[in-house]
Amino acid sequence: MGDPIQLKDEGNKHFQAGDIDKAIECYTNALKECTDKKMQAVIYRNRCACYLKKESYSNAVSDASKAIDEDASDIKALYRRCQALEKLGKLDMAFKDVQRCATLEPKNKTFLETLRRLGAEIQAKLKTTFSTDSRVQNMFDILLDEEMDKEKKEKAANNLIVLSREDAGAERIFQNNGVALLLNMVETGKPEMILAAVRTLSGMCTGHKARAMAIVNMMGVDKICSIMALDNEEIALAACNLFQCINDSLTGGDTRDYGKEASLVLDASKDLKTILLALLEMISNKKVSGHGRDQALNLLTKNVPCREKEKDHSRTLFTIDHGLRKILKVCGQVAELPDQLPLTENTQLIASVLLNKLYDNLKCDPERANFREICDEYIKSKIDPNNMDKTLHAINTISGLLQGPFEVGNSLVGQQGVMEMMVALCGSERDVDQMVAVEALIHASTKMSRASFFITNGVSLLKDIYKKTKNEKIKIRALVGLCKLGSAGGDDYGLRQFAEGSTEKLAKQCRKWLCNPQIDSKTRKWAIEGLAYLTNDADVKDDFVEDELAMKAMFELAKSRDKTILYAVACTLVNCTNAYDKKEIIPELVQLAKFSKQHVPEQHPKDKKDFIEKRVKRLLKAGVISALAVMVKADSAILTDQTKEMLARVFLALTEDPKDRGTIVAHGGGKALIPLAHEGTEKGKGKASFALAKIAAVSNPEIAFPGERVYEVIRPLVSLLQTDKEGAENYEALRGLTNMAGLSEKLRIKLVKEKALPEIENHMFEENEKIRLAATECMCNLITCKEVQARYLQDGNDKLKLLVLLCGEDDEKLQIAAAGGLAMLTAAEKKLCTKVTRVTVQWLEILQRLCLHTNPSIQHRGLVVVYNMLNSDDFELAKKLIESEMLEILTVIAKAEDNPKRQDPIDVARTCLVKAMDLGLIKPFTSLS
């Protein structure tokens, strides 16, 4: 291996050079070779310093302790251990170490200062601990006192929740028998008490694995499930959040360094498996409320499928084996039949989303075949010619699969007898049979080929049902089936399925139902489903946006509790704004297609730009933004990535005209866009980020994104600076970031942390004049940041040279930005004044051009740079400036009469001459007596 002393010396060199990993490696190898105890102590002490740099504090304590074991008065090891212990929160032990250091070196100011600081912190902690303990006990006394007034109880409950969100507070509640007392609050059965208890428990479990495991074992998973099963939406949601906090802490949400105590924090896999099985049990349990079932499904959707980069999908396979039939059971429930599970409007859609995510998470064909087999067996077990209710359950389950993993549902529909059964049910005398069958037919006709089959065979059937039935619920579903078939050609004007005017008639009927408040919202939802299909036709789009009542009715439904409507509303809005991807039609290929008698897509005359702009204005006037803002806040399971992408597309279409962006901000559009830019498909996030950039470019960011939200906008905008993005995206993002960089130092630091600087610098080299100007203006606003100044001070790059050369460009706006940046840089860092003279030989010529410019803003900036150079403590540079033509330029400007329009450059020129006199480079003019 090598000589331990040589290895130690190599480690020291690496440490000095900042290569901490290499230093640790050398010290570790040296320890393997070294047998001298004293030398080992020195190496351990050095490696401890490395671990401090790496913030690996437990290892630092371990190494320092080994050095101290050899030499109890090793002052460096003692102080390093003190630093590590302080970072681990063990203040009393850190205090003892620094106390020993101060005893060994009583005059050392660092030791005395640390001793004083730690002493004060320990006293404050003790004081807080004692006061917190009494406060915690007092809160529980108030909450569990039957005679205490309601206002005091509410205040105590809120205080307890706030306290639990701080680690120290959560620990005090836990240590003061808090879990048992919180369970007593749950046992009261009062909703407000249960809610306060569950929210407090969530705070206690957040980011602390050991405490989360203890709480799970003290309460029991079944107890938390029983709370979530209550028929109270708020309590079910709070219990769901508690489960999520527990899951996050047990699966890596706890970043604490437990050191030697890590072995005491047990393996969490058993608890996680227990929770998973309990949730699967909940979804098919009749005693669980609809809200509780929704939250159980939401938890499974969020936590079971592994993320894209993760390879371990064992949770998915386990869930399919132990719970797929239970999820299918939820999908198959028919509310109109007796003895069904309690459901909300959203339950079955959430179940379909979960099925889709599980299927998408499978890695190979045998796993997918197993999934299909389980579904196939389940459907076959339910189809019974002698029991219509069971058969209806099977058809409804297929509907659920068609809304989730379509491929699986599609294969089941294609099996012999299934389609015939749907058609037969359409002719049944029972309303419920017809309703379930028509819904299944609608979901099954998604593919163009199948739609063609239905147009041939199913249109007459649906028309028959539509004409004969007196039940509005069935009538509207039959109409939606006709709508879907009528739109099978998409927006292709040449592929209309029905005769001219038929789609407008269907749409008119849908709008009529949509505006009828006497029809229940679940049925009116189907009217929007119909419009989602029919608005592929530009005539229907135009008629719809002309009908303000219909638009407002749709927006009101979008804000309702029934979130299954979101996808249909999003589809309708995408169609109305033409926000879908459109393939570019190349004239040469069109001619070729016509020659070979192939179908050529045709654009509807009303799908041209001016018609789209009119539709956007009408949607904004009708209140589309407030509806979108509510839709974005929907439950994550229902608001699928595809729906998010569609909403992002709509927002982008709405922000096209800069004049409309103020309206969008005023109705909360800026805030609503932020989550869409962070979550969803890559395309969706890109569209939302672009819309955010457009808003940030022309709005005051503090108004558009109030409070802390403004910091969440930085990353999406920075993502648009990448070279693979469109030029328009680069430009708008740079303008938005320029706005933000001008707001505060915190925002500038955030921009630097998000690695925006290299991208902005790249765009300063851009050939496109607009992008280059936007990048230079952005950099100008960032220059007050110390990290940015440090980059300009570094050698071996052309950053400063580029800025100087941009000052010499002909574009006045570009000159203002570049010269402003140079003026601020040379004022902040005197070394840069000298560096300017080295980066290009043209520096003096460019500076003179700035000072002679007719634009007072540019002239002012140039003169400020001259003053900074005179004031830079570089006498030779000052001398060179005054010996050049610059003295004549300064004199001419300074002698000019005061002029409000040009006063700034005149004042700076006079200040420059005064500075030159102070330096002894020129003498004041004196007249003879």
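Residues numbered from 1 in each chain as written. Predicted model: local features only at pLDDT ≥ 70, side-chain atom pairs only at ≥ 80, totals over all residues. Heavy atoms only, no water.

Draft legend 1. Summary view of helix 2 (residues 20-33). Between the first and last C-alpha of helix 2 there are 20 Å, a value that for 14 residues agrees with the 20 Å anticipated at 1.5 Å per step. Inspection of helix 2 places Ile20, Ala23, Ile24, Cys26, Tyr27, Asn29, Ala30 and Leu31 among the buried residues, and these make up the whole buried set. Considering only its buried residues, helix 2 is in contact with helix 1 (4-17) and helix 3 (37-53). (Helix = DSSP H or I, 4+ residues; strand = E, 2+ residues; numbered from the N terminus. Expected span 1.5 Å × (residues − 1). Buried < 20%, exposed > 50% of the residue type's maximum accessible area, 1.4 Å probe, protein only. Contact = heavy atoms within 4.5 Å.)

Draft legend 2. Summary view of the confidence of the model for the protein chain. Averaged over the protein chain, the pLDDT score is 85; the fraction of residues at 70 or greater is 91%. Of all secondary-structure elements in the protein chain, the lowest mean pLDDT belongs to helix 24 (residues 448-457), at 50, while helix 13 (residues 221-228) reaches the highest, 94. Contacts from residues 258-264, a stretch scored under 50 in pLDDT, to residues over four places away or in other chains number 7 contacts. The model gives residues 448-452 a pLDDT under 50, and that stretch makes 13 contacts with residues more than four places away or in other chains. (pLDDT = per-residue confidence, 0-100.)

Draft legend 3. Representation of unusual backbone geometry. One non-glycine residue with positive phi stands out, namely asparagine 177, at about 60 degrees. Relative to the elements of secondary structure, asparagine 177 occurs in the loop between helix 9 (167-175) and helix 10 (178-187). A positive phi is found at asparagine 578, a non-glycine position, where the angle reads about 50 degrees. When you line up the elements, asparagine 578 lands in the loop between helix 31 (566-577) and helix 32 (587-595). Residue class for asparagine 578 comes out buried when judged on its relative accessible area of 17%.

Draft legend 4. The arrangement of the pattern of salt bridges in detail. If you walk through the whole model with that rule in mind, you get 44 salt bridges. Taking the shortest distance from any N to any O, the salt bridge between glutamate 377 and arginine 325 comes out at 3.9 Å. Here glutamate 377, found in helix 19 (residues 365-382), pairs with arginine 325, found in helix 17 (residues 314-331); they are 52 residues apart in sequence, far enough to count as distant. When its relative accessible area of 43% is taken as the criterion, glutamate 377 is described as partly exposed. Under the relative-accessibility criterion, arginine 325 is labelled partly exposed at 39%. Of the charged contacts in the structure, one is a salt bridge between aspartate 365 and arginine 368, with a shortest N-O distance of 3.1 Å. Separated by 3 residues within a single helix, aspartate 365 and arginine 368 lie in helix 19, roughly one turn from each other. For aspartate 365, a relative accessible area of 58% gives the class exposed. Of the residues examined, arginine 368 reaches a relative accessible area of 22% and is grouped as partly exposed. When salt bridges with common partners are traced through the structure, they connect Glu86, Arg117 and Glu121 into a single cluster. (Salt bridge = Lys/Arg side-chain N within 4 Å of Asp/Glu carboxyl O.)

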